[in-house]
Amino acid sequence: EQLMGFDDEGLARRAVPQNALKPKDLARMITLEHPWHYFAFTIKKKSADIDALQTLQCPFDTDEEGITLRWARSTTRDDKARLYQLALKHYPTYEAKAALCKRPEEVDQEWLYAPIWQRVNNHLGHLGINAHSHQELVEQLGMLRYGHKPRVGDTFAGGGSIPFEAARLGCDVYASDLNPIACMLTWGALNIIGASPERRKEIEQAQKDVAEAVDQEITELGIEHDEYGNRAKAYLYCLEVRCPETGWLVPLAPSWVVSPRSGVVAKLIPNYQEKRFKIDLCYGVSKEELDEATKGTLQNGSLVYSLNGKNYSTRIKTLRGDYLYDSNNTVNRLRRWTKYDFRPKSDDLFQERLYAIQWITKESLEESRKEVFFTPVRPEDLERENQVEQYLAKHFETWQMQGLIPDMPIESGYNTDQPIRERGWSYWHHLFTPRDLLNLALIRKELTKPELAPELCGTLDFCSKLSRWIVRFSSGGGSDFTSNVFSNQALNTLYNWANRSFFDHEFVQNYKNIPISGHTAVLSSEAKEVNKEQDLWITDPPYADAVHYHEITEYFIAWLRKNPPAPFDQWNWDSRRALAIKGSGDDFRRGMVAAYKAMADHMPDNGLQCVMFTHQDTGVWSDMVGIFWAAGLQVVGAWYIATETTSELKKGGYVQGTVTLMLRKRPAGEKQGFKNRVLPAVRQEVERQIQQMLHLNTEVKEKLGEPVFNDSDLQMAGYAAALKVLTGYTHLGGEDVTRFALRPRQKGEVTVVDEIVQQAAEAANSLLVPEGLQRESWQAIRGIQRFYLRMMDMESGTGASKLDNYQNFAKAFRVGDYTSVMASMTANKAQLKTVRGFASHDLSDSTEFGPTPLGRVVIALQQLLKETEPQVVINQLQEDMPDFLESRPLLMDLGNFIS
């Protein structure tokens, strides 16, 4: 706890820079004899007695005493930490204390951990440990165990969090990923964030050099300045489509609000001569006019507009000519853009139109606070757009050959079909306007050093036809800004969008700097191609519902695949979709086995593997058993971490809970197992683990005021026990486990492993009797009844608001449809229906819950709440339940538990 800053003193030191508690809060909370060693005061009441104040002791209320408090100048960080530690004792749980703190890595490391090293060295002194930092401690422990600094590897590196944290703690690291963008992010974490201060200065200078070179070229072209010297900040575009009823060309946007802060909206003015609309801007409009402008010409997937007092509406799908090609694929009659297209042809369905520009005033260009204003598109703006298109057309083919502009086709896929189907774009450069392509080509031309590549990708996230113009309303007027492409993990086509000018791009990034030492290696390769031994393998492999990163990263790969700077030129700049381990099933298992066997083969006998994956269902757990069997690994420990988040970026496919497994090499020799012997061993291991966890819960609750394991952790013990026992065998029922793991599965097949894993979960659940319910009652019920009572127990205790808890227990109790008893399914705010919350149809005999004894009790309670005579309720129960007399003790216990 001390090493992680989780102890009381560490929490206090983490709370100081957060400054969540002010001196007046502390004075009210703590007991302190000499507060004026730490605080200074200012008198607010003339009647205040200064002599009495001088002898004042905490706790006291500053308002009652008529003073304001501030920190005394002589008060040090250590002093503040001591007072915070006294205050934190008033918070009942670790979670409440941690809410006042910064994360450990956000705090000055030397100061945060200064008090612990003497204790650490005393604790580990018998091993010869003498450390004064995490890095020293890790290195010395590595020398003791392995004879060298620990080597940590990750073959599914992704964004590089695991390798970076390992390097930050003083390990040598090896990182690889099939995807070159993942490798670049990992390389950037290690070599930019982790660079020495001297190297960081060089990197920042290189960024400035590129920014200045491109800025000079754009300024000389005159494509971002108006005649008054104002500089563009953002360009607002929309699609236009011809209405089949009127023949008019109509701009498409879900809203015509340009800036709620400045009260600017776009107005469509009919141009009868050209049969299209002029787009003008209105300034300083009223709240009512702003509200009206939120109703755009795109509503619920339809083109909607008015002309000469008549309303017109046409579905976008109809305009595109969508039709079902087969049972799974929708196609349409949109023209597919070609390799050399960079703007729509005049007869294309969707035209693209610039409709407003946000400018920075000439006078504020050098100021930190910029003054901005909006204009509609004027003739001189169109001239600049034409200049961009002409300049691009002149260089386009050459730039494509040089790799300054993508020439990579969009390959069909789960995510990549969307821009093809909805816009007709077939090459990656089609996702960018001519202005974007020109700016990006100029940046790409200057990209000669690897540390500049992440900046190019950062720029790509804000300057395509998928970049959003965000308007937000608030009591203070609201805000408006250009937001990034990836609002979620998909390629969402837009009807109106905004692109930053080059001037507005933050090409010079002020990254945090956390210098790391030690050897680092980043390779672009398959996980099974490991060729270096590592002491610890820590991996977060693809999940059964993984995001299609191999597809969406092609958005970036298209820009970097030709002539990337060294060392990126050694990588394969292709997403290599066919090689990606994805989804589930036989290919998933074979790919995972190859990866984990390679890691096990490149690990010392005393090495460890840590594997993180999402808990979905018993089928996934059964797969993991097979994977570790075939890789020659044995599970030695497991625990569960809730990772639920409400981030918009993560909605849809994010993982809500993660299981962390610890594995070692399976001991040499053969070990036969048979179902009738394995099952008792699994049940025994389940009981042992849960009893151990419950015992630890009691100890920790006495110390910290809350248990360390929640019900989900305890439930996981069942799965963990099954893995620990099963992966210790080499044969099961006479069949070699490796062969069993690799053979194809039949659809709907329930293997002996599936049975054992399921029974392990049931064994765990049978031990988790809700507090206040008789064990006999718990053993008498199953399924949705156990689910409802277990979650009710959690809600009335520590709270079960995480949707993840409900999902996991529903699977564990084999509930068909747990949503039928849920009042809320919102992330972090999930909740059961109360007795009053059940509708009559929820409790009918056709439901999973209604005919059960618990369902009957709920109906009876509802009747009593309506003041029905108790005897009438009893009579109804007797009529509905033929076994009423036998069930009466159970019904009484359920009723008592609910009460």
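Residues numbered from 1 in each chain as written. Predicted model: local features only at pLDDT ≥ 70, side-chain atom pairs only at ≥ 80, totals over all residues. Heavy atoms only, no water.

Enquirer: I'm lost on the overall build of the protein chain in this one. Help?
Expert: For the protein chain, the count of helices and strands is 32 helices and 29 strands. On C-alpha atoms alone, the protein chain measures out to a radius of gyration of 33 Å, which is about the 29 Å that the 2.2 N^0.38 rule sets for 899 residues. When the backbone C-alpha atoms are referred to their principal axes, the protein chain occupies close to 85 × 80 × 70 Å. Restricting the contact set of the protein chain to residue pairs at least 6 apart, pairs at least 24 apart contribute 70%. In the form shown here, the protein chain has an accessible surface area of approximately 42,300 Å², with 49% of it arising from carbon and sulfur atoms. Seen as two clouds, the 104 positive and the 120 negative side-chain charges of the protein chain have centres 1 Å apart. (Helix = DSSP H or I, 4+ residues; strand = E, 2+ residues; numbered from the N terminus. Rg over C-alpha atoms; globule rule 2.2 N^0.38 Å. Contact = heavy atoms within 4.5 Å. Areas by Shrake-Rupley, 256 points an atom, 1.4 Å probe, with all protein chains shown as cover. Lys, Arg positive; Asp, Glu negative; His and termini not counted. Charge placed at Lys NZ, Arg CZ, Asp CG, Glu CD.)

Enquirer: Just to check I follow, could you spell out unusual backbone geometry for this structure?
Expert: Cis geometry is found at the peptide bond from Cys 58 to Pro 59, where omega equals 10°. Secondary-structure assignment places Pro 59 in the loop between helix H3 (50-54) and helix H4 (62-65). Between Ala 566 and the following residue, Pro 567, the backbone shows a cis peptide bond with an omega angle of 0°. Take Pro 567: it is sitting in the loop between helix H20 (554-560) and helix H21 (585-601). Here the phi dihedral of Lys 275 falls at roughly 55°; this positive angle occurs in a residue that is not glycine. Its place among the elements puts Lys 275 in the loop between strand S8 (264-271) and strand S9 (276-282). At Glu 867, a residue that is not glycine, the phi angle is positive and equals roughly 65°. Its place among the elements puts Glu 867 in the loop between helix H30 (853-865) and helix H31 (870-880). Look at Glu 867 and you get exposed, because its relative accessible area is 72%. (Buried < 20%, exposed > 50% of the residue type's maximum accessible area, 1.4 Å probe, protein only.)

Enquirer: Teacher, can you tell me more about the nonpolar core here?
Expert: Burial of nonpolar side chains together is a common tendency in soluble globular proteins. Membership of the largest hydrophobic core comes to 71 residues, with the highest contact counts inside it found for Tyr 555 and Leu 560. Secondary-structure elements contributing two or more residues to this core are helix H10 (161-168), helix H11 (180-193), helix H12 (197-221), helix H15 (379-402), helix H17 (434-445), helix H18 (453-460) and H20. Examining the composition of this core, we find that 8 residues originate from one element, H11, more than from any other. If near-sequence neighbours (up to four positions away) are discounted, Leu 560 is found in contact with Ile 181, Met 184, Arg 444, Leu 447, Ala 453, Leu 456, Cys 457 and Trp 573. (Core = buried A, V, L, I, M, F, W, Y, C linked by side-chain atoms within 4.5 Å.)

Enquirer: Teacher, can you tell me more about the sheet that holds strand S11 (residues 302-307) here?
Expert: By way of backbone hydrogen bonds, the strands of a sheet pair with one another, either parallel or antiparallel. What the 3 strands build is an open sheet, ordered S10-S11-S12; its pairing is antiparallel. A single partner strand is all that each edge strand has here, and the edge strands are strand S10 (298-299) and strand S12 (310-315). Bridging between S10 and S11 involves 2 bridges; their strand directions are antiparallel. Its bridge partner lying in S11, Leu 298 is registered against Leu 303. (Pairing = 2+ DSSP bridges.)

Enquirer: When you look at the pairing of strand S17 (residues 469-472) in this model, what are you seeing that I'm missing?
Expert: A regular strand places its side chains so that they alternate between the two faces of the sheet. Across 4 bridges, S17 lies against strand S18 (residues 479-482) in antiparallel orientation. The residue of S18 that forms the bridge with Trp 469 is Thr 482. Joining the antiparallel neighbours S17 and S18 is a turn of 6 residues, in which Gly 477 adopts a positive phi near 115°.

Enquirer: Please explain the packing of aromatic side chains as it appears in this structure.
Expert: Inspection of every chain in the model, using the stated rule, returns 35 aromatic pairs. Here the aromatic rings of Phe 432 and Tyr 555 are separated by 5.6 Å at their centres, their planes lie at 35°, and the arrangement is tilted. Of the two residues, Phe 432 sits in the loop between helix H16 (417-423) and H17 while Tyr 555 sits in helix H20, which places them 123 residues apart along the sequence. Each member of the pair Phe 432 and Tyr 555 is classed as buried. A network of ring pairs unites the aromatic residues Trp 428, Phe 432, Phe 486, Tyr 555, Phe 556 and Trp 559 as a single cluster. Directly above the ring of Phe 350 sits Arg 423, whose terminal nitrogen or CZ lies 5.1 Å from the centroid. (Phe/Tyr/Trp six-rings, centres within 6.5 Å; stacked < 30°, edge-to-face > 60°. Lys NZ or Arg CZ within 6 Å of the ring centre and 35° of its normal.)

Enquirer: It is not clear to me how the pattern of salt bridges should be interpreted in this structure. Could you clarify?
Expert: Side-chain pairing between opposite charges can occur once the charged atoms of the two side chains come close. For the structure shown, the criterion picks out 44 salt bridges. A salt bridge links Arg 276 to Glu 240; the shortest N-O distance between them is 2.9 Å. Placement of the pair is Arg 276 in strand S9 and Glu 240 in strand S5 (residues 231-242), with a sequence separation of 36 residues. Owing to a relative accessible area of 25%, Arg 276 belongs among the partly exposed residues under this scheme. Glu 352 is the partner of Lys 465 in a salt bridge, and the nearest nitrogen-oxygen pair spans 2.8 Å. Residue Lys 465 is located in the loop between H18 and S17, and its partner Glu 352 is located in strand S15 (residues 350-360); the two are separated by 113 residues in the primary sequence. Look at Lys 465 and you get buried, because its relative accessible area is 0%. Residue classification places Glu 352 among the partly exposed positions, given a relative accessible area of 23%. Sharing partners across several salt bridges, the network here consists of Arg 335, Asp 341, Lys 345 and Asp 348. (Salt bridge = Lys/Arg side-chain N within 4 Å of Asp/Glu carboxyl O.)

Enquirer: Got a minute to help me understand the sheet that holds strand S26 (residues 731-732) in this structure?
Expert: With mixed pairing, the 3 strands of this open sheet are ordered in space as S25-S26-S27. Both outer strands of the open sheet, strand S25 (672-673) and strand S27 (735-736), are each paired with one neighbouring strand and no more. Bridging between S26 and S27 involves 2 bridges; their strand directions are antiparallel. Counted as the bridge partner of His 731 is Asp 736 from S27.

Enquirer: Looking at this model, I keep getting lost on the side chain of Asn 484. Mind explaining?
Expert: In this fold, Asn 484 is placed in the loop between S18 and strand S19 (496-500). A relative accessible area of 18% means that Asn 484 is categorised as buried. Here the side chain of Asn 484 touches Arg 468 through a polar contact of 2.9 Å, side chain to side chain. There is a polar contact of 3.2 Å between the side chain of Asn 484 and the side chain of Ser 483. The residues contacting Asn 484, other than those within four sequence positions of it, are Asp 461, Phe 462, Leu 466, Ser 467 and Arg 468. (Polar contact = N/O pair within 3.5 Å; in protein donor to acceptor, adjacent residues only side chain to side chain.)

Enquirer: Would you explain H30 in this entry?
Expert: An α-helix turns once per 3.6 residues; consequently, residues spaced three or four apart project the same way. Between its first and last C-alpha, H30 extends 18 Å over 13 residues, near the 18 Å set by a 1.5 Å rise per residue. When we look at burial in H30, the residues that qualify are Pro 853, Leu 854, Gly 855, Arg 856, Val 857, Val 858, Ala 860 and Gln 862. On its buried face, H30 sits against helix H28 (783-796), H31 and helix H32 (884-898). Remark: Glu 867 follows H30 within two positions and exhibits a positive phi of approximately 65°. (Expected span 1.5 Å × (residues − 1).)

Enquirer: Any chance you could explain the side chain of Thr 75 here in plain terms?
Expert: Turning to its location among the elements, Thr 75 is positioned in the loop between strand S2 (67-71) and helix H5 (77-88). Within polar-contact distance, the side chain of Thr 75 engages the backbone oxygen of Tyr 38 at 2.7 Å. If near-sequence neighbours (up to four positions away) are discounted, Thr 75 is found in contact with His 37, Tyr 38 and Lys 80.

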